[in-house]
Every structure is written in C-alpha cells, then in structure tokens.
Amino acid sequence: MYSHIVIAVDGSDEANRAARRGLAFAGEFDATVDLLHVVERKALGLTTSADEAERLRERGERILGDIEDTASERGQSVTTALREGKPAVQISEFAAERDADLLVIGRQGMSGVEKQLLGGVTEQLLHRSAIPVFVVPKDVKQTAKSTGYARILVPTDGSENADVAVPHGIEIARRYDSAVHVLNVVDLQVAGGAFDAGGLETEFIERLDERGQAAVEEVAGEVEEGVSRPVKTAVERTTSFEGAAAGIREYVEKNDIELVVMASHGRSNVGRQFLGSVTSTLLRTVEVPIVVVKRDS
C-alpha cells in the first residue's frame, strides 16, 4: 500500500521528529523515500541580497543532509529535493510528480515562521493532497518503541467516505501486528440541533446507538478478515460542543491509542456534521499521529 513516501522537512524539531517516524514507517513497508525541503517564496522575497537568498538555500540543503544522515544510520537510502515557492503547493505537486503513496509532515511548522499549523501549511496540504497524509504532532511521546503502533484506532460514522480509511488501518495493523479499535461517536449536540431545549427522547438516542453499533460491526468484520488479532468495537456518546472529535480524543486517551487512521471527510451519524471538521479538530488537539485518508486516495 505504501511503496513510495515523501517526507517534508523544515528544520524544526517537530519536523525532524516526524521525519524519524516517517523513515521508520517506510522501513516497515520497505518503501522508497524522498526528502523534500521548500524554501518559502515569502522568505526569499524578504531577502535583500543574492547572498541572503543563497544562505536560505544552503540552510535547506543542510536540513536535508541532516535527515539523510539519520536515514543512513538506519541503513536506508533516500533521495533529497529542494524546491522554492509556496510550501503546500510545492509539497503536494512534488508528491504527485513522484507518484507517492504517502506524505509525512509535522503538525506545526513547514513555513519557517512557525505558524500554528492548521490554518497554515498542513491544513492546505490536507485540502490539496490527493494521497494520504501522515501528521505527527509536536508533543507525541518519544519512547524506545515510539516507531511501533500497538493500538490503532479507526473511527467510523458509517458513511462510505469514512470507510475509505479502513483498508489503510488494516494494512498498517498487519505490518505492526497492532490491535485495532473501531469507534463510533454519537454526537448528541448535533443530534439535538442547536435549538433543542427539551432534550432527546430515550428511544431516539437508542436508535443512534444502534446505528453506531451497526457501523462499527461492519467495519470490524472487514478488519477481522485482514488482521490476526481481535478487534475491539465501541460506541460512545458525547455532549461536548467539540462534537465527535471530543469523543474520539477521550477514547484515544483512555485506551492508550498510538495511531489514528481516519478519513478526511464523511457524513456524521445524523448526516449534519462533516468528518472534515472532526479531523481538523483532532489534528489540533490529540497528541498521537494521525493518518488522514481522502476518498480519492
């Protein structure tokens, strides 16, 4: 599933951490790796001389060289590339040119001005990239086993859009011999509507639970055919104004989930909320890596 991986780096600690995870992931899948650094056009525009511009390019080469050395220490061969322009545009175009299967990035950074990522380069990449994006957060735990994923979570809302992530979760779980958790979150705020003052009928909530249970069982059946370990299913309710994202985040924390594999878009279990907003919130708030899969991936 992942035979060619692009890892984008900007020299930040977070990007370096993401690169190490990306290299380990590539090693597990025996994938070839391209390292990419983009010299931002805005940064070049602020330079006052050709020498300053050249120093930015040289810095990019050093950044690439450092990660290349890390790969060499792991016995991995990588290809490096330096581009100039808007980072999100250059990264997505480069990945397409190289026919990559996966793009690995840190959650914050990529732009040299240390933007808080979503709303910046990562969010733009998630919209632009047609291939799955592996997003590594700033504060992800670093342990001796940090490159393994013993517990993987695949959230589902029962939609076809959400289900595109399932084969990716299966393949990753197979490679790492991971336990797979399948979760549906019943968002009672969305179910009740913004102006619901009287609460929800018990029977209605039970129907939502049943629908969620049917969704997780369908996904679990597919996962069980592809992995050797038992699959755990759960349906959780949330009343948080953060919606399903809050329920997923709580589940991640309670169950020591080490990787989330989910779709970028999908209808919620009541057809009103889009999984894109759920994904965006999770990427801001959870401290485990997330593989985001688009329907056209």
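Further up the page is the structure itself.
In short, a report on the structure. Residue positions are counted from 1 within each chain, in the order its sequence is given. Owing to the predicted nature of the model, reporting of local features is limited to residues with pLDDT of at least 70; listing and counting of side-chain atom pairs is limited to 80 or more, with chain, interface and lining totals taken over all residues. Values reported for side chains reflect all heavy atoms of the structure, with hydrogen atoms and water molecules removed beforehand.

**Describing the nonpolar core**
To qualify as a nonpolar core, a set must consist of buried Ala, Val, Leu, Ile, Met, Phe, Trp, Tyr and Cys residues joined through side-chain atoms within 4.5 Å. Partly exposed residues are those whose accessible area sits between 20% and 50% of the maximum for their type, while under 20% is buried and over 50% is exposed, using a 1.4 Å probe and protein chains only. Counting residues in hydrophobic clusters, the biggest one holds 45 residues, and the most contacted among them are Ile5, Ile7, Phe25, Phe134 and Ile172. Numbered from the N terminus, helices here are DSSP runs of H or I no shorter than four residues, and strands are runs of E no shorter than two. If one sorts the elements of this core by residue count, helix α1 (residues 13–29) sits on top with six residues. By definition, residues are in contact when any of their heavy atoms lie within 4.5 Å. Those residues within four positions of phenylalanine 134 in sequence are excluded, and the remaining contacts are Phe25, Leu102, Leu103, Val104, Ile105, Tyr149, Leu259, Pro289, Ile290 and Val291. The next biggest cluster of nonpolar side chains, apart from the first, holds 37 residues, and it includes Leu126, Ala245, Val260 and Ile290.

**A few points about the sheet that holds strand β7 (residues 179–187)**
Strands are labelled as partners when DSSP assigns at least two bridges between them. Within the open sheet, the ten strands sit side by side as β3-β2-β1-β4-β5-β10-β9-β6-β7-β8. Their pairing is mixed. Both edges of this open sheet fall to β3 (78–85) and β8 (231–238), since each of them pairs with a single strand only. Each strand of the sheet is rotated relative to its neighbour by a mean of 25°, with strand direction disregarded. Looking at chain direction, strand β6 (residues 151–155) and β7 are connected through five bridges and run parallel. If you follow arginine 151 over to β7, its bridge partner there is alanine 179. Angular values range over 0 to 180 degrees, each being the angle between N-to-C directions of two axes fitted as lines to C-alpha atoms, with helices fitted over their stretch in contact. Lying over the sheet, helix α9 (residues 202–226) contacts β7 and β8, oriented at roughly 155° with respect to β8.

**Examining the packing of aromatic side chains**
How two aromatic rings sit relative to each other is given by the distance of their centres and the angle of their planes. Ring geometry is summarised as follows: Phe, Tyr and Trp rings, the Trp one being its six-membered ring, pair when their centres sit within 6.5 Å, and such pairs are stacked at plane angles under 30 degrees, edge-to-face over 60 and tilted between the two. Following the criterion strictly, the structure yields seven aromatic pairs and no others. Considering the side-chain rings of tyrosine 2 and phenylalanine 25, the 5.4 Å spacing of their centres and the 55° angle between planes classify their relative orientation as tilted. With a gap of 23 residues between them, tyrosine 2 in the segment before β1 (4–8) and phenylalanine 25 in helix α1 connect regions that are remote in the sequence. The pair formed by tyrosine 2 and phenylalanine 25 is uniform in burial state, with each residue classed as buried. Seen in terms of ring centroids, tyrosine 149 and tyrosine 176 are 5.1 Å apart; in terms of plane orientation they differ by 80°. Their pairing is edge-to-face. Of the two residues, tyrosine 149 sits in the loop between β5 (133–136) and β6 while tyrosine 176 sits in helix α7 (residues 166–176), which places them 27 residues apart along the sequence. By relative accessible area, which is 2% here, tyrosine 149 ends up buried. Members of the aromatic cluster, each reached through a chain of ring pairs, are Tyr2, Phe25, Phe29, Phe134, Tyr149 and Tyr176.

**A short note on the packing of α7 against α9**
At a closest axis distance of 9 Å, the pairing of α7 and α9 adopts a crossing angle of 35°. Relative to α9, the crossing made by α7 is right-handed. Counted together, Val166, Pro167, Ile170 and Arg174 of α7 and Val219, Glu222, Val223 and Gly226 of α9 form the full contact between these two elements. Taken together, the residues of the contact of α7 with α9 sort by class into five nonpolar, one polar and two charged. The sense of a crossing depends on the near helix, which, turned anticlockwise from the far helix by less than a right angle, makes the crossing left-handed and, turned clockwise, makes it right-handed. In the scheme used here, Gly and all other residues not listed as nonpolar or charged are polar, with Ala, Val, Leu, Ile, Met, Phe, Trp, Tyr, Cys and Pro taken as nonpolar and Asp, Glu, Lys and Arg as charged.

**Quick look at the pattern of salt bridges**
Salt bridge, as used here: a side-chain nitrogen of Lys or Arg that lies within 4 Å of a carboxyl oxygen of Asp or Glu. Evaluated as defined, the whole model comprises ten salt bridges. Here aspartate 209 makes a salt bridge to arginine 237, at a shortest N to O gap of 2.5 Å. Separated by 28 residues along the polypeptide, aspartate 209 in helix α9 and arginine 237 in strand β8 bring together distant segments of the chain. For aspartate 209, a relative accessible area of 18% gives the class buried. Residues joined in a network through salt bridges with shared partners are Glu54, Arg57 and Glu84.

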